[in-house]
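Report on the structure
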Amino acid sequence: IRDQPRSRGLGDVYKRQKEMEYKETEIKGVWIIEPNVFDDSRGYFFEAWKAGEFEEHVGPIHFIQDNESKSSYGVLRGLHYQKGEFSQAKLVRVIKGRVLDVAVDIRKSSPTFRKHVMVELSEDNKRQLFIPRGFAHGFLVLSDEAIFTYKVDNVYAPQHEAGICWNDPDIDIHWPIDSKNVVTSEKDMKAPQLCDADVF
């Protein structure tokens, strides 16, 4: 009996996968991670998270929770962080749509204090951004709708949450839409500027 052609399954996909690409940004500790995507007529497959690879490139971490949000065009969430022992590291990505993601170094002892990294994350580029503890984080939705997901290494502690004004001139983030089209929460609108915030 002749061997029948074998259909390709996930095992074949795994064999063809290469290591994800890790690029450290101009702010030490903030990383852009780009997966290797396997495309064919059925769709695509990629490895979104591998603990061993992450530890080899970035360092050890213990993520304990995954979060997800859905937002429409112009929604700006941020700049958020948690204080003290409840500080969180985050690994963020977009499942649907497109956002401009921003991480701001708010560690007073850091040589890049007040500096920020800005990266476009989308369902097309499938990039991820790793943001260590000691940073404020926010994103602006550039598509009609966006589904945003992220891993965190610490629990949500509302009594320790804090924020910085998204348009603080000392940080000088160049958001690419007119400020009158930004949609944000009342809490974020009232967030203090960096000079008045309780930072690290």
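Just so it is clear, the model here is predicted, and its values are computed rather than measured.

1. With respect to the side chain of K126
Position of K126 relative to the elements: it lies in the loop between β9 (116-122) and β10 (128-131). In this structure the side chain of K126 is engaged in a polar contact, spanning 2.7 Å, whose partner is the backbone oxygen of E123. Not counting residues within four places of it along the chain, the set of residues in contact with K126 comprises I33, P35, V37, Y44 and F46.

2. Overview of the environment of G43
Take G43: it is sitting in strand β4 (residues 43-45). Residues G43 and E56 lie 13 residues apart in sequence; the distance between their C-alpha atoms is 30 Å.

3. Re the sheet that holds strand β2 (residues 31-34)
The strand order β1-β2-β10-β7-β12-β5 describes an open sheet built from six strands, whose pairing is antiparallel. Edge positions in the sheet fall to β1 (21-24) and β5 (65-72), since each of these pairs with one other strand and no more. Each strand axis lies, on average, 25 degrees off the axis of its neighbour in the sheet, ignoring direction. Bridge analysis of strand β7 (residues 90-96) against β10 gives four bridges, and the strand direction is antiparallel.

4. Topic: the sheet that holds strand β11 (residues 135-141)
Pairing is antiparallel across the open sheet formed by five strands, whose spatial order is β9-β8-β11-β6-β13. Two strands close off the open sheet at either side, each with one partner strand: β9 and β13 (161-163). Averaged over all pairs of adjacent strands, the angle between their axes in this sheet comes to 25 degrees, without regard to strand direction. As defined by bridge partners, strand β6 (residues 76-82) adjoins β11 across three bridges and the pair is classed as antiparallel. Of the residues in β11, the one forming a bridge with R77 is F139.

5. Notes on the pairing of strand β12 (residues 145-152)
β12 sits mainly inside the fold: six of its eight residues count as buried. Here eight bridges tie β5 to β12, and the two strands are oriented antiparallel to one another. Along β12, the bridge assignment pairs E68 with T149.

Calculation notes
Residues numbered from 1 in each chain as written. Predicted model: local features only at pLDDT ≥ 70, side-chain atom pairs only at ≥ 80, totals over all residues. Heavy atoms only, no water. Helix = DSSP H or I, 4+ residues; strand = E, 2+ residues; numbered from the N terminus. Polar contact = N/O pair within 3.5 Å; in protein donor to acceptor, adjacent residues only side chain to side chain. Contact = heavy atoms within 4.5 Å. Pairing = 2+ DSSP bridges. Axes fitted to C-alpha atoms, helices over the stretch in contact; angles between N-to-C directions. Buried < 20%, exposed > 50% of the residue type's maximum accessible area, 1.4 Å probe, protein only.

Interpretation in functional terms is not warranted from these geometric data alone.
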